[in-house]
Amino acid sequence: MASGSIHVKVGGQLQAHIQQQIGEDGLYENASEYIRALIRRDLQTRDEAWDALQKELAPAMRADDSEFVTVTADDVFRRNQRR
């Protein structure tokens, strides 16, 4: 896979946080390694969220149309006002 460069400026608390994560006291050799780890974690979280959503919706997607109840916007408003 070809790699490219992205340049990002950070300062203040962000820069201080990155500095804590790298070097002798941190888990990462350099800022690039830390940023790559964050991106990988973000992608994994996104994939896990998508999988969870699909799992939650699967029964409804398999259900017969006769199992669904028609509601109006007013029905939804009334239901939510009771909460």
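Residues numbered from 1 in each chain as written. Predicted model: local features only at pLDDT ≥ 70, side-chain atom pairs only at ≥ 80, totals over all residues. Heavy atoms only, no water.

Visitor: Kindly report on the overall build of the protein chain, identifying the contributing residues and their values.
Guide: The secondary structure content of the protein chain amounts to three helices and zero strands. Taken from N to C terminus, the helices and strands of the protein chain fall in the order α-α-α. The globule rule puts the C-alpha radius of gyration for 83 residues at 12 Å, and the 23 Å found for the protein chain is more than 25% above it. In the protein chain, buried positions account for 7% of the 83 residues. Of the roughly 8100 Å² of accessible surface on the protein chain, 53% is carried by carbon and sulfur atoms. (Helix = DSSP H or I, 4+ residues; strand = E, 2+ residues; numbered from the N terminus. Rg over C-alpha atoms; globule rule 2.2 N^0.38 Å. Buried < 20%, exposed > 50% of the residue type's maximum accessible area, 1.4 Å probe, protein only. Areas by Shrake-Rupley, 256 points an atom, 1.4 Å probe, with all protein chains shown as cover.)

Visitor: Quick one: what's the story with the pattern of salt bridges, residue by residue and with numbers?
Guide: Evaluated as defined, the whole model comprises two salt bridges. Taking the shortest distance from any N to any O, the salt bridge between D47 and R46 comes out at 3.3 Å. (Salt bridge = Lys/Arg side-chain N within 4 Å of Asp/Glu carboxyl O.)

Visitor: Quick one: what's the story with the packing of aromatic side chains, residue by residue and with numbers?
Guide: Overall, the coordinates contain one aromatic pair when judged by the stated rule. Summarising the aromatic geometry, the rings of Y28 and Y34 are spaced 5.1 Å apart at their centres and angled 50° between planes, so their arrangement reads as tilted. By the burial criterion, Y28 is buried, and Y34 matches it. (Phe/Tyr/Trp six-rings, centres within 6.5 Å; stacked < 30°, edge-to-face > 60°.)

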